[in-house]
Amino acid sequence: MGKQIRADYEQILMFPPSVEDWVAKDHPARFIRDFVDSLDLSELGIEVPDSDTGRPPYAPDLLLKVWLFGYFNRIRSTRKLEKGCLENMGLIWLTGMNAPDHNSLWRFFKANRKSLRHLFRQSIRVALKADLIGLALHAVDGTKIQAVSSNDKARGREHLERFWKVFRRDWTARLPMR
């Protein structure tokens, strides 16, 4: 029987590891970094914080990268983003081992809410065009959903038949000729 592999906590590295090696070449964090670095943040209305007293503020592109990474990974909480900057290898790489606190993340989001919403949509469009993400059909089965069936919204048989004729005509026009 062979020797078991165990963690060696006393191991000394000859060369320090490079942060660039921590994530794979196809990791989504690399797309986010390239996407944000290609933007002109002042043109988009992103506020650049300026402070003469206290700790220097985090750069807006760093905070934007954290928010986009959270958006792509369904992390909306500033406290979870803060924790991710300390524990998630993609976020550690993306921030260059800086860990913004939840207050800094929230202030950035609050100050740039409208611009961020536009950027979130734009990042999804770019990722779709680059074929980095796909859209999937989500079906509901066995779930009761409240219906909207008021008299103005309900469609009668005649309306549905007219709709079907138009749909079928348009659909058959798109089919290739044999």
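Keep in mind the model is a prediction, meaning the values are calculated, not measured.

## Quick word on the overall build of the protein
(1) Moving on: What the protein contains, in helices and strands, is seven helices and zero strands.
(2) Moving on: Ordered by position in the sequence, the α and β elements of the protein form the string α-α-α-α-α-α-α.
(3) Moving on: Per-residue burial over the protein gives 25% buried out of 178 residues.
(4) Moving on: Across the protein, the fraction of contacts at a sequence separation of at least 24, relative to all contacts at a separation of at least 6, is 65%.
(5) Moving on: Surface summary for the protein: the accessible area is close to 14800 Å², and the carbon and sulfur share equals 53%.

## Here's the deal with helix H1 (residues 28–37)
(1) Moving on: Those residues of H1 lying buried are Ala-29, Arg-30, Phe-31, Ile-32, Phe-35 and Val-36.
(2) Moving on: Buried residues belonging to H1 abut helix H2 (60–72), helix H4 (89–95) and helix H6 (113–129).

## Here we look at a nonpolar patch on the surface
(1) Moving on: On the surface, Phe-163, Trp-164 and Phe-167 cluster together into a nonpolar patch covering about 350 Å² of accessible area.
(2) Moving on: In this fold, Phe-163 is placed in helix H7 (residues 157–174).

## Digging into the packing of H2 against helix H5 (residues 102–111)
(1) Moving on: The interhelical angle for the contact between H2 and H5, taken along N-to-C directions, is 95°, at an axis separation of 10 Å. In this view, H2 runs roughly perpendicular relative to H5, as classed from their interaxial angle. Every residue of H5 that contacts H2 at Pro-60, Leu-63, Leu-64, Val-66 and Trp-67 is listed here: Ser-104, Leu-105, Phe-108 and Phe-109.
(2) Moving on: Of the residues belonging to the contact of H2 with H5, the class tally is eight nonpolar, one polar and no charged.

## Brief notes about the side chain of Ser-115
(1) Moving on: Relative to the assigned elements, Ser-115 resides in helix H6.
(2) Moving on: Among the residues examined, Ser-115 registers a relative accessible area of 15% and is labelled buried.
(3) Moving on: Among all residues touching Ser-115, those that are not within four sequence positions of it are Leu-44, Gly-45 and Ile-46.

## Quick word on the packing of aromatic side chains
(1) Moving on: Tallying each qualifying case throughout the model produces six aromatic pairs.
(2) Moving on: On the basis of an interplanar angle of 70° and a centroid distance of 6.0 Å, the ring pair of Phe-31 and Phe-72 is categorised as edge-to-face. You can see Phe-31 sitting in helix H1 and its partner Phe-72 sitting in helix H2, a full 41 residues away along the chain.
(3) Moving on: Its relative accessible area of 16% is what places Phe-31 among the buried residues.
(4) Moving on: Between Trp-67 and Phe-109, the aromatic rings sit 4.8 Å apart at their centres with planes inclined by 35°, giving tilted as the arrangement.

## Topic: the confidence of the model for the protein
(1) Moving on: Residues at a pLDDT of 70 or more form 85% of the protein, whose mean pLDDT is 82.
(2) Moving on: Put simply, H7 is where the protein has its lowest mean pLDDT, 72, and helix H3 (residues 78–87) is where it has its highest, 94.

## Remarks on the pattern of salt bridges
(1) Moving on: For the coordinates displayed, the defined rule picks out three salt bridges.
(2) Moving on: The partner of Arg-30 in a salt bridge is Glu-20, and the shortest N-O contact between them spans 2.6 Å. You can see Arg-30 sitting in helix H1 and its partner Glu-20 sitting in the segment before H1, a full 10 residues away along the chain.
(3) Moving on: Across the salt bridge formed by Arg-33 and Glu-20, the nearest N and O atoms sit 3.4 Å from each other. Residue Arg-33 is found in helix H1, and its partner Glu-20 is found in the segment before H1; the two are separated by 13 residues along the sequence.
(4) Moving on: One network of salt bridges, in which partners are shared, links Glu-20, Arg-30 and Arg-33.

Rules of the game
Residues numbered from 1 in each chain as written. Predicted model: local features only at pLDDT ≥ 70, side-chain atom pairs only at ≥ 80, totals over all residues. Heavy atoms only, no water. Helix = DSSP H or I, 4+ residues; strand = E, 2+ residues; numbered from the N terminus. Buried < 20%, exposed > 50% of the residue type's maximum accessible area, 1.4 Å probe, protein only. Contact = heavy atoms within 4.5 Å. Areas by Shrake-Rupley, 256 points an atom, 1.4 Å probe, with all protein chains shown as cover. Patch = residues over 30% accessible without salt bridge, like charges linked within 9 Å, V, L, I, M, F, W, Y side chains within 5 Å. Salt bridge = Lys/Arg side-chain N within 4 Å of Asp/Glu carboxyl O. Axes fitted to C-alpha atoms, helices over the stretch in contact; angles between N-to-C directions. Parallel < 35°, antiparallel > 145°, perpendicular 65-115°, else oblique. Nonpolar A, V, L, I, M, F, W, Y, C, P; charged D, E, K, R; others polar. Phe/Tyr/Trp six-rings, centres within 6.5 Å; stacked < 30°, edge-to-face > 60°. pLDDT = per-residue confidence, 0-100.

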